[in-house]
Each structure stands twice: as C-alpha cells, then as structure tokens.
Amino acid sequence: MSEGRGRDGVVGADAVGELAVGGQVPDFDLLDHAGNQRRLSQLVGGDPTVLHFYRGWWCPKEQAFFRRLVALQDDAEVAYSRILSVSIDSPEVNAAFRAGLGARWTFLSDPDRQVQTQLRLRETTDTLNDPYVPAVVVIGPDLRIHAVYNGYWYWGRPTVDELVKSLRDLSRALRPDWEAPTP
Amino acid sequence: MSRCWLALVDGPVHGADAAASARTLDGQPAGALAAWSRAAKPVREALRVDERLIDADGAAAWISLVLPPPGVRLAFDDLAVQQARRLVLLHPFPAAVSTLLRDDSHFEGAITVARSAEDEQRLRDDPFARIFPSRLLAVEAGILGAVPAPTGPTIERYGSGNPWPWDQFA
C-alpha cells in the first residue's frame, strides 16, 4: 500500500491494528504533556480531530511527519479542528519534544502501553523501544473513525492535503450550518 | 454564551457568587476579586469571563490580571491578541486562563491563574501582558478554580461571544 491507499483503492482506507474506517476509538485516559489525566472524548469535544500515534521523538520519520502537522496547525487553529499526538514517551519527554517542535496541541503519554495493547499498535519489529506503529486517524466527536492512514512505511502517512480533505468532509457532516446562510 | 462576570473591586462586594481578597506580591491590599453568574452586568467594571474559571471552593492562587487603560480596547481578532493566544497554547499551561470581554468582538483583558511556584514565575511573562499592563496579585481561597488546557491548536472562540479558551459550541 502507498500514499494511504487501501486495497479497495480508497485513499485513507487502510486498517492498522484495531483502527479501521467506521470503527470507534476506545475512550481512553492518558496523561498529557503536563502530567494531567485526560480523557479522549473530552479532548475531542465537538470537533473533527486528527489523532496521531507515533514512535517517539528519536525517529527521523516522526520528526519529518511532525513538520507536516506543525504546518497543518496554522489552518487547524482557525478551523475548529483539533490535533492529538500519542506515544509511549513520558510526559516530560513529550513536553520537551512539543516545545522544540513549536506544537500547540496536546501530546499524550502511554508509557505502560495500555492503549497501545488495546489498539494492537505495538511495532513488533522494534524490540528495543516497543513503540507505536505510526498511524493517523481522523475522528469525530463520537470517536468514530473517518479516515485511517498506516504510517509504518513513510509514504503511507497522510499529506496535509489529505488531512484537510478528511477534515473538510467530516466538518461538512458535522456542522449543521455548513451551507452558509444567504439571503 | 458565558454570563459569568469578574471584577477587581475596591470597596465592599455585594451579591457576588464568589469573592476573595487580593494583595500585591509585596503584601499591599489590592481590593477583592469577585465573580457573579447572572445575565446583567453587576458592577460597572465587571467583564465576562470563562465560567469554568470560577470556583467558590478554589484554593488560593496568584494571578496576572491584564486590563486595558481606561477607554482602550482592541478587536478580539487583532494580530497581537491572536499571537498571545498562540503563545498561551505553546507554553506550559497555567492552572487556568480566560480572556475578559464586555461585548462579542473586543478583547478587554485576561486573567491567568497560577498555583505552583513555577507557574507563578511564568506569570511574569504572561503573553497577554504584551498587549495591556498586567497586575500580579495574590488572591485568597474562594474564587478561582482550575481549567484543563484546551486540546489545541484552536485559537478561535466557540460561539463568538464566549471568552477564549472556551472550547465547545454548546
């Protein structure tokens, strides 16, 4: 698979672990980068959300992909859309990585790998770090998965344009006033 | 839309839902910080605040209270106000923060709440203090709560009349 294209030819229709289009992400609790316990549904609130699972700060592919997300945040900040990044790193490490990136969204820590196990997202080929398999899902307020991107191979990750398209489609479905009121 | 009002008042506080004495960091009396939950503005200097920030059971805290000089206000979408909101999300999030508003379209101040000594130090670099002057005050228990950091990176208000970082349309 390449460019997030699934076997049926639909862009973003990959499945990764327990993550598949139409499925629902479990409403997990994790520590944020400040060490506060946060629940996924509260972080998503009422907005389309990019939920991003990544290996760790040390991975050059993650460093490259985060540059895409940092580019996306300038649109997301005015578009009532949210971003969340999840890794096995500690809150302290996530806070430092986030600051270095200039990211203005929430990072979540799963050092005990509970959510990783629940979602079957352990990267079995890396027995040194036992990190997450890189994956990106776009979810709505009901935590239902609108798009999935398998990032194990780098080209499986979504481009900014693909994320914008997913966020547009989801926003259109979500916002009752999407069709602008006109005279 | 939030109908919670906040004011730093000099005299006695009447009818507030929560209030606590305030002092400057060198211990001088600075009036009382008071909050009201009601439709009508309770006192002339009151400004609307994120209602989640008010907690009558809240512990003592330090605050940075940013207020414009008399007669001055900025559009909420002013570039300086946008950048201050970005910086709040970028930096370690305080115990609570809210912009202060009178109407739907202007920025008329901000309150940032700190409880740890580290956060108290960060009040000295309050991003909103780059827009209008800030007063650093110690506030007794009984008015200020804690508000979780917004998910980010949204800097827009949800329902244009709400103080930022209120993060729900409903």
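1. With respect to the overall build of chain A
A tally of regular secondary structure across chain A gives five helices and seven strands. When the helices and strands of chain A are listed from N to C terminus, the series reads β-β-α-β-α-β-α-β-α-β-β-α. For 183 residues, the compact-globule estimate of 2.2 N^0.38 gives 16 Å, and the C-alpha radius of gyration of chain A, at 16 Å, lies within 12% of that figure. A principal-axis box enclosing the C-alpha atoms of chain A has dimensions of 60 × 40 × 25 Å. Classification of the 183 residues of chain A by burial places 42% in the buried group. For chain A, long-range pairs separated by at least 24 residues make up 67% of all intrachain contacts whose partners lie at least 6 apart in sequence.

2. Structural notes on the overall build of chain B
The secondary structure content of chain B amounts to two helices and ten strands. Listing every helix and strand of chain B by position from the N terminus yields β-β-β-β-β-β-α-β-β-β-α-β. Whereas a compact globule of 170 residues would reach a radius of gyration of roughly 15 Å, chain B reaches 14 Å, a difference of no more than 12%. Overall, chain B is about 35 × 35 × 30 Å in size when its C-alpha atoms are taken along their principal axes. Counting only residues that meet the buried cut, chain B has 47% of its 170 residues in that class. Within chain B, contacts between residues separated by at least 24 positions form 72% of all contacts whose residues are at least 6 apart in sequence.

3. Here's the deal with the interface of chain A and chain B
By a widespread convention, an interface's size corresponds to the accessible area lost as its parts come together. Tallying the contact residues gives 17 residues for chain A and 17 residues for chain B. Of all elements in the fold, only α2 (60-76) and β4 (82-87) of chain A reach the threshold of two or more residues within the side of chain A that touches chain B. No other element matches β4(A), which puts three residues into the side of chain A that touches chain B. For the side of chain A that touches chain B, the residue count by class is eight nonpolar, six polar and three charged.

4. A look at the packing of α2(A) against helix α5 (residues 160-174) of chain A
If you want to describe how two helices pack, look at the angle between their axes and the distance between the axes. All names here are of chain A. For the pair α2 and α5, interaxial distance at closest approach is 10 Å and the crossing angle is 40°. Classified by the angle their axes make, α2 and α5 are oblique. Note on packing geometry: the crossing formed by α2 with α5 is right-handed. Here Arg68, Ala71, Leu72 and Asp75 of α2 come into contact with α5, specifically with Val160, Leu163 and Val164. For the contact of α2 with α5, the residue count by class is five nonpolar, no polar and two charged.

5. Things to note about the nonpolar core
Of all hydrophobic cores here, the largest spans 49 residues; its most connected members are Ala35(B) and Val113(B). Going through the elements one at a time, β1 (4-9), β2 (18-24), β3 (29-37), β5 (61-66), α1 (79-90), β7 (96-99), β9 (110-114) and β10 (134-139) of chain B are the ones with two or more residues in this core. Not counting residues up to four positions away in its chain, the partners in contact with Ala35(B) are Cys4(B), Trp5(B), Leu6(B), Ala16(B), Asp17(B), Ala18(B), Ile54(B) and Ile143(B). Membership of the second largest hydrophobic core comes to 41 residues, among which are Leu19(A), Val44(A), Leu84(A) and Val137(A).

6. Quick word on the confidence of the model for chain B
Taken over all residues, the pLDDT of chain B has a mean of 95, while the share at 70 or more is 99%. Predicted complex metrics record ipTM = 0.90 and pTM = 0.92.

7. Overview of unusual backbone geometry
Note that the residue after Gly152(B), namely Pro153(B), is joined by a cis bond; omega there is 0°. With respect to the secondary-structure elements, Pro153(B) resides in the segment after β10. A cis amide bond, omega 10°, links Trp164(B) with the succeeding residue Pro165(B). When you line up the elements, Pro165(B) lands in the segment after β10. In this structure, Leu143(A) takes a positive phi of about 65° despite not being glycine. Mapped onto the fold, Leu143(A) is located in the loop between β6 (135-139) and β7 (145-150).

8. Topic: α5(A)
Residues and elements named next belong to chain A. The end-to-end C-alpha separation of α5 is 20 Å, in line with the 21 Å expected for 15 residues at 1.5 Å each. Where α5 is concerned, the buried positions are Leu163, Ser166, Leu167 and Leu170. For α5, the angular spread of the buried residues around the axis is 95°, confining them to a single face. Pointing more than 90 degrees away from the buried face of α5 are the exposed residues Asp161 and Arg172.

9. Topic: α1(B)
Residue and element names in this part refer to chain B. With twelve residues, α1 should cover 16 Å at 1.5 Å per step; its first-to-last C-alpha distance of 16 Å lies within 8% of that length. Along α1, the residues that are buried comprise Val81, Ala84, Arg85, Val88 and Leu89. All buried residues of α1 fall inside an arc of 140° around its axis, so they share one side.

10. Let's talk about the sheet that holds β9(B)
Residues and elements named next belong to chain B. If you trace the eight strands from one edge of the open sheet to the other, you get β4-β1-β3-β2-β10-β5-β9-β7, paired in antiparallel fashion. Across the chains shown, the open sheet's two edge strands, defined by having one partner strand only, are β4 (47-48) and β7. In this sheet, β9 lies alongside β7 in antiparallel orientation, the contact comprising four bridges. By the bridge assignment, Ala96 is partnered in β9 with Val113.

Rules of the game
Residues numbered from 1 in each chain as written. Chains lettered and ligands numbered in written order. Predicted model: local features only at pLDDT ≥ 70, side-chain atom pairs only at ≥ 80, totals over all residues. Helix = DSSP H or I, 4+ residues; strand = E, 2+ residues; numbered from the N terminus. Rg over C-alpha atoms; globule rule 2.2 N^0.38 Å. Buried ≥ 20, exposed ≤ 12 C-beta atoms within 10 Å, placed from the backbone. Contact = placed C-beta atoms within 7 Å. Nonpolar A, V, L, I, M, F, W, Y, C, P; charged D, E, K, R; others polar. Axes fitted to C-alpha atoms, helices over the stretch in contact; angles between N-to-C directions. Parallel < 35°, antiparallel > 145°, perpendicular 65-115°, else oblique. Left-handed = near helix turned anticlockwise from the far one by under 90°. Core = buried A, V, L, I, M, F, W, Y, C linked by C-beta atoms within 7 Å. pLDDT = per-residue confidence, 0-100. Expected span 1.5 Å × (residues − 1). Arc of directions from axis to C-beta. Pairing = 2+ DSSP bridges.

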